[in-house]
Amino acid sequence: MESKLQFFLLLLVSCVTLKISMAGDPDILTDFITPPGVGLPLDGNFFTFTGMRALVGAPFPTTFKVLKATMAEFPALNGQSVSYAVLQFPSGTVNPPHTHPRASELLFVLMGSLEVGFVDTTNKLFTQTLQQGDIFVFPKGLVHFQFNGDSKNPALALSAFGSASAGTVSVPNSVFNSTIDDQILALSFKTDVATIQKIKSGFSG
């Protein structure tokens, strides 16, 4: 009886491990997925995203800006396990610590330079200063950031994701722009409620 129980537990753990290792966008059984309400026959327009045209000839923004091409903006990506984002960094701006729960990220610096980094599950920080033409990978689900420390020049980067909907969880926003009790946050950050409330006030605008 004990050996059967051990076998069952081993089988259960193996199935859970396999399920976790395969987590991500599900495979599809067709060439592509047509959203409800989209008529047939399709043509090349369905597979074309023109949203990035807004970048052509436009002035560089004065604050950090992200332009996405994910499944939400480009329905043809559904089932294709890929998406893009263009990141614009004026001097001294940051893409705050965040995670992508459903995908790794491959960042390609097109212009300028960026200080980047991620923290692994042992709290080790991996950082690098990237120059134009460099590529950096942020492992799936890990907290990471990008910062343009150049006081004069902007930076431009392209991010590719291994999911049509990678998701973004902003660490500061999720913690300080939520309804988590101030006392809990104060204890968690080893500070006082007044400090927590002061930080929260910066996210209320």
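Above this text you will find the structure in question.
A.B. asks: Explanation requested: the pairing of strand β3 (residues 94-99) in the structure shown.
C.D. replies: On a regular strand, each side chain points to the face opposite its neighbour's, so the side chains alternate between the two faces of the sheet. Two elements, β3 and strand β8 (residues 143-147), share three bridges in a ladder whose sense is antiparallel. The partner of His98 across the bridge, within β8, is His144.

A.B. asks: Sorry, what's going on with the pattern of salt bridges here?
C.D. replies: When their charged atoms lie close together, side chains carrying opposite charge are able to pair. On inspection of all chains with the given rule, the structure shows one salt bridge. Between Lys200 and Asp182 there is a salt bridge, and its shortest N-O distance comes to 2.6 Å. Linking Lys200 in helix α4 (residues 193-201) with Asp182 in helix α3 (residues 182-188), this pair joins segments that are 18 residues apart in sequence. We note that Lys200, like Asp182, is buried.

A.B. asks: Please clarify how a nonpolar patch on the surface should be interpreted in this entry.
C.D. replies: Among the surface-exposed residues, Leu106, Phe108, Leu110, Met111, Ile135 and Val137 lie close enough to one another that they form a single nonpolar patch of about 480 Å² accessible area. Looking at the nonpolar patch, the elements with two or more residues in it are β4 (105-111) and β7 (135-138). Here the nonpolar patch gets four residues from one element, more than from any other, and that element is β4. Inspection of the secondary structure puts Met111 in strand β4. Since its relative accessible area comes to 31%, Met111 is described here as partly exposed.

Cut-offs and rules
- Residues numbered from 1 in each chain as written.
- Predicted model: local features only at pLDDT ≥ 70, side-chain atom pairs only at ≥ 80, totals over all residues.
- Heavy atoms only, no water.
- Pairing = 2+ DSSP bridges.
- Helix = DSSP H or I, 4+ residues; strand = E, 2+ residues; numbered from the N terminus.
- Salt bridge = Lys/Arg side-chain N within 4 Å of Asp/Glu carboxyl O.
- Buried < 20%, exposed > 50% of the residue type's maximum accessible area, 1.4 Å probe, protein only.
- Patch = residues over 30% accessible without salt bridge, like charges linked within 9 Å, V, L, I, M, F, W, Y side chains within 5 Å.
- Areas by Shrake-Rupley, 256 points an atom, 1.4 Å probe, with all protein chains shown as cover.

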